[in-house]
Amino acid sequence: MKILLVMIFLTLWPYTLFSSEECMDCHSKKGAVIHFEDGGSMDATVDQEELRLSVHSNLQCRDCHRDKPEGRHPERRFKSRGHFKIKTSHLCRTCHSPQEIKAKSIHEELFIEEEKGIAHPCTNCHGSHGVKPTRKKVYRDEDLYCLSCHKKPLKIRFKNGETISIKVERTHLESSVHRNLGCSDCHFGFSSTSHPVRYFKSRRDYTIASSEICRRCHFDKYVKTSESIHYTLLNMGRLEAPVCIDCHGFHSIQHMGREKILIARRCQRCHNNVYEIYIRSVHGRALIDEKNQDVPVCIDCHTAHDIKDPLTTDYRERIPDICSRCHSDPSIMNKYGLSTDVIRTYLADFHGITLSIYRKQKEERLQPSKPMAVCTDCHGTHDISSMGIQKEVIKKNLLKKCRSCHPDASENFSDAWISHYGINSKRTPLLYILDKIYRVLLPLTIAGLAVQIVLHIWRYAVNR
Amino acid sequence: MERIKKFSTFTIIEHAIAMVTFLILAVTGLIQRYHDLEISKNLIIFLGGIDMVRIIHRSVGLIFSFEVLLHILAGAVSLYRGVEPQILITGRDFKDAIHNIKYYLGFESKPAATGLFTYRQKFEYWGIVTGSIIMSITGLILKYPVDTTKILPGILIPASKIIHTNHALIIVIIMLWHIYNAIFNPEVFPLNKSIFTGYVEGSKNIIIKKL
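These figures come from a predicted structure and were not determined experimentally.

Draft legend 1. The arrangement of the overall build of chain A in detail. In terms of helices and strands, chain A carries 26 helices and four strands. What you see for chain A is a C-alpha radius of gyration of 38 Å, clearly larger than the 23 Å of a compact globule of 464 residues, by over 25%. Taking the principal axes of the C-alpha coordinates as reference, chain A spans close to 140 × 55 × 45 Å. Taking all 464 residues of chain A together, 11% fall into the buried category. Partitioning the contacts of chain A with sequence separation of at least 6, the portion at a separation of at least 24 is 55%.

Draft legend 2. Structural context of the confidence of the model for chain B. All names here are of chain B. Per-residue confidence for chain B averages 85 on the pLDDT scale, and 93% of its residues sit at or above 70. Note that residues 204–211 has pLDDT below 50 and, in this model, 13 contacts with residues that lie over four places away or in other chains. Confidence estimates for the predicted assembly give a pTM of 0.70 and an ipTM of 0.83.

Draft legend 3. Inspection of the interface of chain B and chain A at higher detail. Of the residues lining the interface, 30 residues belong to chain B; the matching set on chain A comes to 37 residues. Looking at the side of chain B that touches chain A, the elements that each hand over two or more residues are α2 (38–46), α3 (50–80), α4 (91–105), α6 (145–151) and α7 (156–184) of chain B. Here the element with the most residues in the side of chain B that touches chain A is α7(B); it accounts for 11 residues. Residue classes in the side of chain B that touches chain A are distributed as 22 nonpolar, five polar and three charged.

Draft legend 4. Highlighting unusual backbone geometry. Residues and elements named next belong to chain A. Look at Lys 291: it is not a glycine, yet its phi comes out positive at around 55°. On the neighbour-count criterion, Lys 291 (11 C-beta atoms within 10 Å) is exposed. Its identity as a non-glycine residue notwithstanding, Thr 303 has a phi of 65°, on the positive side. Relative to the helices and strands, Thr 303 resides in the loop between α19 (298–302) and α20 (313–327).

Draft legend 5. Spotlight on the nonpolar core. The biggest cluster of nonpolar side chains holds 13 residues, and the ones touching the most others in it are Phe413(A), Ala416(A), Ile141(B), Leu156(B), Ile157(B), Ala159(B) and Ile162(B). Broken down by secondary-structure element, the contributors of at least two residues to this core are α5 (119–143) and α7 of chain B. Element by element, the count of residues in this core is highest for α7(B), at five residues. Here Ile157(B) is in contact with Ala416(A), Ile141(B), Pro145(B), Thr148(B) and Thr149(B), once residues within four sequence places are set aside.

Draft legend 6. Up close: helix α16 (residues 260–268) of chain A. Residues and elements named next belong to chain A. Every buried residue of α16 is accounted for by Lys 260, Ala 264, Arg 266 and Cys 267. Each buried residue of α16 lies within a common arc of 155° when the element is viewed along its axis, so the set occupies one face. The inward-facing, buried residues of α16 abut α15 (244–248), α17 (272–278), α18 (282–289) and α19.

Draft legend 7. The packing of helix α26 (residues 429–463) of chain A against α7(B), seen in detail. Where α26(A) meets α7(B), the axes come as close as 10 Å, and the angle between the chain directions of the two elements is 5°. By the angle between their axes, α26(A) is roughly parallel relative to α7(B). Along its contact with α26(A), which presents Leu430(A), Leu431(A), Leu434(A), Asp435(A), Tyr438(A), Leu441(A), Leu442(A), Thr445(A), Ile446(A), Leu449(A) and Ile453(A), the element α7(B) presents Pro158(B), Ala159(B), Ile162(B), Ile163(B), Asn166(B), Leu169(B), Ile170(B), Ile173(B), Trp177(B) and Tyr180(B). Among the residues forming the contact of α26(A) with α7(B), the class breakdown is 18 nonpolar, two polar and one charged.

Draft legend 8. Fine view of α26(A). Its 35 residues give α26(A) an end-to-end C-alpha distance of 51 Å, which sits within 8% of 51 Å, the value for a rise of 1.5 Å per residue. Every buried residue belonging to α26(A) is among Leu431(A), Leu449(A) and His456(A), and all of these are buried. Here the buried face of α26(A) lies against α4 and α7 of chain B.

Draft legend 9. Summary view of the packing of α26(A) against α4(B). In the contact formed by α26(A) and α4(B), the axes pass within 8 Å of each other and the chain directions differ by 50°. When the axis of α26(A) is compared with that of α4(B), the two are oblique. For the crossing formed where α26(A) meets α4(B), the hand is left-handed. Taken together, the residues of α4(B) that come into contact with α26(A) (itself represented by Leu455(A), His456(A), Trp458(A) and Arg459(A)) are Ile101(B), Tyr103(B), Tyr104(B) and Leu105(B). Residue composition of the contact of α26(A) with α4(B), grouped by class: six nonpolar, one polar and one charged.

Definitions and limits used
- Residues numbered from 1 in each chain as written.
- Chains lettered and ligands numbered in written order.
- Predicted model: local features only at pLDDT ≥ 70, side-chain atom pairs only at ≥ 80, totals over all residues.
- Helix = DSSP H or I, 4+ residues; strand = E, 2+ residues; numbered from the N terminus.
- Rg over C-alpha atoms; globule rule 2.2 N^0.38 Å.
- Buried ≥ 20, exposed ≤ 12 C-beta atoms within 10 Å, placed from the backbone.
- Contact = placed C-beta atoms within 7 Å.
- pLDDT = per-residue confidence, 0-100.
- Nonpolar A, V, L, I, M, F, W, Y, C, P; charged D, E, K, R; others polar.
- Core = buried A, V, L, I, M, F, W, Y, C linked by C-beta atoms within 7 Å.
- Arc of directions from axis to C-beta.
- Axes fitted to C-alpha atoms, helices over the stretch in contact; angles between N-to-C directions.
- Parallel < 35°, antiparallel > 145°, perpendicular 65-115°, else oblique.
- Expected span 1.5 Å × (residues − 1).
- Left-handed = near helix turned anticlockwise from the far one by under 90°.

Written out as structure tokens, the structure reads:
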């Protein structure tokens with residue numbers, strides 16, 4: 001018995017929440033009666049079950065009874081029950097415009113009679129609190145069915161008092177990449193027969209919960225996102241961390257990749273300080289000034305879904321790979337007269353070699369003793385700019401970068417880096433000559449000593 | 001059989017130090033130069049990571065450099081005392097080399113007569129000594145690049161890197177030749193023990209000069 005009571009309570013409690021306004025304190029009780037001037041009376045009890053099953057189950061009392069503001073119950077007088085019905089039927093027209101009503105052929109006749117003075121209150125056919133469609137409507141598609149309510153300026157209210165419009169623009173749906181989906185494809189559990197009532201603490205809670213919808217189709221992205229720094233932050237209780245619909249939107253979802261600047265602007269909403277630095281960099285300026293689509297925007301380096309913490313060693317060690325995606329690609333670099341040798345020359349030098357060994361030994365959990373210089377340490381991250389064209393300027397800029405790791409470095413120190421040109425006879429003649437000497441000396445030594453050994457063994461064998 | 005004193009105790013100890021440090025340097029150096037090879041990767045991991053390999057290479061390199069310095073000083077002291085150096089390369093050694101190659105090819109009936117050190121040993125010795133000096137200097141430059149460039153031009157760093165990595169290979173090749181001459185050479189196989197005992201067996205070499 002107790003269990004049964006608990007179950008009844010659990011089924012009804014959302015409804016009690018829904019009608020928590022004072023209205024139901026009186027109108028749910030038997031015995032609430034309205035008296036008319038002609039001596040007649042009418043039961044003013046609202047059948048909660050009937051209301052729950054009606055098409056208006058999601059509306060609040062005040063959505064229809066707009067002349068009854070909170071905390072005050074106007075004393076109004078009606079001549080008769082008929083008068084009351086006509087007056088209350090006018091309430092319907094706040095949402096259902098006369099044009100909309102007239103559009104149904106069945107109503108045409110009624111309007112003509114109304115003009116003649118014969119009133120036909122809506123409630124005569126449709127009922128009041130238990131309002132239902134008079135016949136089962138056949139909608140061309142599901143969208144039309146849902147939009148029959150959701151095209152109206154409806155709002156839902158959250159427990160913390162925030163509201164959100166649940167009006168859906170058909171044009172948004174039609175222009176989105178999901179134009180071929182029906183409402184219930186995303187709004188799982190909703191249909192022409194089922195409209196679950198859900199409760200959310202706040203608008204943000206609702207947004208986060210709504211983003212869970214996406215994973216039913218985009219599971220791969222969901223998995224990637226679950227590895228991202230945003231998801232980690234969300235799990236830590238930082239509710240402002242973005243979820244799917246914060247970046248992609250909802251009913252008007254578009255392809256992201258059309259214009260790169262749009263992607264950057266989405267990130268800008270939260271990371272404005274970084275965006276401001278980025279748009280001043282070589283990449284940012286090309287994107288803004290020239291609308292260049294070759295340059296990287298946020299997601300090209302940080303990825304879109306499995307965005308990792310960029311301050312970790314793991315991320316740092318991947319930076320040469322990230323830069324090389326474009327800077328080793330002749331089809332992009334040739335357009336701007338840039339060298340594709342940058343990564344090769346970096347990896348051939350001390351920092352690059354050490355980094356690649358660090359990466360190999362990582363599998364064995366051997367941690368690097370110190371961070372190694374990668375592309376961004378000399379060239380910058382969001383503020384990547386030209387190192388300069390004049391030799392003196394480059395040297396000065398470079399020395400500053402060297403000193404961030406080698407604080408004692410003297411002016412000569414930066415010359416130790418022969419830049420990304422590699423060894424060549426014009427820029428580094430000394431290295432070029434040394435390299436050539438050893439290219440001759442090494443094979444000569446090997447050949448000379450090998451001949452000695454072979455001849456010696458041969459003579460020994462012959463003598464025996 | 002006549003036993004002739006060839007190496008002093010000091011030289012025997014020097015050789016032992018050089019042998020051990022050289023082996024360590026060669027292994028820890030080669031795996032850095034050929035870090036892309038699977039065996040290098042495994043060895044690096046076995047030794048505790050590249051940072052540890054570098055600590056070993058640099059520390060042992062310092063010991064090796066001291067040994068090189070000690071050897072030069074000892075040589076200088078000997079010269080100062082008026083000891084006649086046996087290891088200097090003379091015109092005769094080149095003649096010996098040509099003579100021996102002729103002998104190997106069958107144009108001469110006997111191998112070249114030799115002094116306390118054969119021309120092969122002399123060439124080995126000087127290859128190793130000059131190489132070790134070069135390796136020590138460039139090694140120190142690479143270990144202290146910031147301090148080096150306080151007085152010397154920066155280009156010395158990449159230059160030292162080229163010399164250090166390439167000359168290392170030359171020394172390794174000479175060392176392989178030395179190992180052949182001292183171990184695998186059929187005339188001395190399984191081992192020429194003179195550097196450990198200090199003596200040579202008189203019958204093996206034709207001795208012109210005695211110590």
